[in-house]
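# Report on the structure
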Amino acid sequence: MSLVKQLFMQPPSPEQTITSSWANLHNIQISIKRDDLLHPIISGNKWRKLKYALLEASENDVKHIISFGGGYSNHLHALGYCCRQLGIRFSAIVRGDYSQNLSPMLQDLLNWETDVQYVDRKTYQQRAEPQYLEILTTQYPEALLIPEGGSQQLALRGVAEIIQELTQQYDYILAPVASGGTLAGLIDGLAQSEIDTSSQILGIAVLKGHGYLEQLVGALLSDRHHRVDWKINHEYQFGGYAKYNNELSKFCAEFEQQNHITIEPVYSGKLFYALYQLTISGHFPSGSRVLALHTGGLQGAR
Ligand SMILES: Cc1ncc(COP(=O)(O)O)c(C=O)c1O
């Protein structure tokens with residue numbers, strides 16, 4: 001049985017055009033790629049980034065996967081669920097000790113029999129360092145290591161499929177950026193696309209990472225990506241990862257009420273707030289067609 005069927009995934013995700021007074025006023029067409037609807041648990045960019053890693057794991061009969069994330073991580077949540085469904089042992093290395101104060105995400109992981117290992121922040125900082133990874137590989141020689149956020153070379157192929165699914169051409173494609181794999185995958189998709197390379201891929205930073213995020217994305221790209229126009233806007237990170245204020249909360253509530261699309265303040269809220277601000281400030285020329293990628297992540301807001 002294919003992985004898509006085994007996990008009850010429902011690609012392609014819908015592409016929905018919304019009407020709003022602020023977009024109409026500036027003559028901007030706003031569409032949303034609803035990756036949040038791909039699956040109730042493996043939502044959004046998680047499926048896109050994990051698809052080919054999981055396919056490779058099942059082809060190679062991998063029995064154990066290890067990955068990394070915070071106490072509310074959407075990535076650990078989706079991967080933990082996938083491993084449970086596929087009968088693969090999963091070890092989650094979690095930043096900080098939540099043992100006395102489980103988040104709903106961690107409670108789910110424990111219900112799915114994940115081996116949860118809490119590490120201090122200093123240890124967690126080494127999550128991508130070869131020496132630390134070598135220690136894990138020696139300890140668990142059979143295990144497959146998947147980096148934080150699932151952002152690795154293999155992730156690009158799955159994310160690139162978003163571009164292949166699009167039913168029309170866009171002038172701008174917007175997505176939130178944290179570990180960089182999603183943006184890199186969109187750039188990859190555009191680089192491969194025969195019809196449309198004129199769109200600009202515009203990442204919206206959800207954390208303080210001027211220069212750092214560009215480096216993360218750049219490290220996943222190669223020469224063939226040079227012709228794609230991409231950049232990251234850092235103006236809407238609200239002071240850092242998972243930080244937000246009343247204005248953003250209010251915006252999320254109003255957006256949801258007007259469009260019947262749920263968003264949360266960590267990723268999609270910052271994305272749509274940026275889209276709103278950029279639209280009303282005249283950043284997009286009149287007549288532009290703008291696509292925003294809803295990357296899901298609603299479990300984190302429970
Ligand atoms: C819901 C959601 N949206 C967007 C992102 C950002 O994607 P990336 O880490 O690939 O930059 C993440 C992951 O960090 C996420 O969980």
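What counts, and at which threshold
Residues numbered from 1 in each chain as written. Predicted model: local features only at pLDDT ≥ 70, side-chain atom pairs only at ≥ 80, totals over all residues. Helix = DSSP H or I, 4+ residues; strand = E, 2+ residues; numbered from the N terminus. Buried ≥ 20, exposed ≤ 12 C-beta atoms within 10 Å, placed from the backbone. Contact = placed C-beta atoms within 7 Å. Pairing = 2+ DSSP bridges. Axes fitted to C-alpha atoms, helices over the stretch in contact; angles between N-to-C directions. Domains from an automatic or database assignment. Nonpolar A, V, L, I, M, F, W, Y, C, P; charged D, E, K, R; others polar.

You can see Glu113 is positioned in the loop between helix H5 (104-111) and strand S5 (115-119). Residue Glu113 is classed as exposed on the basis of its C-beta count, with 12 C-beta atoms lying within 10 Å. Between the C-alpha atoms of Glu113 and Phe284, which are 171 residues apart in sequence, the distance is 48 Å.

This paragraph deals with the environment of Gly240. Note on placement: Gly240 falls in the loop between strand S9 (229-233) and helix H11 (246-259). For Gly240, a count of 11 C-beta atoms within 10 Å gives the class exposed. C-alpha of Gly240 to C-alpha of Ala205: the two residues are 35 residues apart in sequence and 9.1 Å apart in space. Those residues in contact with Gly240 that lie beyond four places of it in its chain are Leu207 and Lys208.

Strands belonging to one sheet form pairs held by backbone hydrogen bonds; the direction of such a pair is parallel or antiparallel. Read from one edge of the open sheet, 6 strands run S1-S2-S10-S7-S8-S9, paired in mixed fashion. Since the sheet does not close on itself, it has two edges, and those belong to strand S1 (15-18) and S9, each with one partner. Pairwise comparison of adjacent strand axes, ignoring direction, gives a mean angle of 25° for this sheet. Sheet topology note: the strand S8 (residues 200-205)/S9 ladder contains 5 bridges and is parallel. Paired with Gln200 across the two strands is Asp229, which belongs to S9.

In terms of domain boundaries, the chain breaks down into domain 1 (3-42 + 154-301) and domain 2 (45-150). The centre of domain 1, based on its C-alpha atoms, is set 25 Å off from the matching centre of domain 2. Residue-level contacts link 26 residues of domain 1 with 24 residues of domain 2. The set of elements that each furnish at least two residues to the side of domain 1 that touches domain 2 consists of helix H1 (3-6), helix H8 (153-165) and helix H9 (181-192). In terms of residue count, H8 provides more of the side of domain 1 that touches domain 2 than any other element does, 7 residues in total. Its residues placed into classes, the side of domain 1 that touches domain 2 shows 11 nonpolar, 12 polar and 3 charged.

Within the element layout of this structure, Tyr98 appears in the loop between strand S4 (89-95) and H5. When the 17 C-beta atoms within 10 Å are taken as the criterion, Tyr98 is described as partly exposed. Between the C-alpha atoms of Tyr98 and Gln117, which are 19 residues apart in sequence, the distance is 9.9 Å. Residues contacting Tyr98, with those up to four places away along its chain left out, are Gly71, Ser103, Leu106 and Tyr118.

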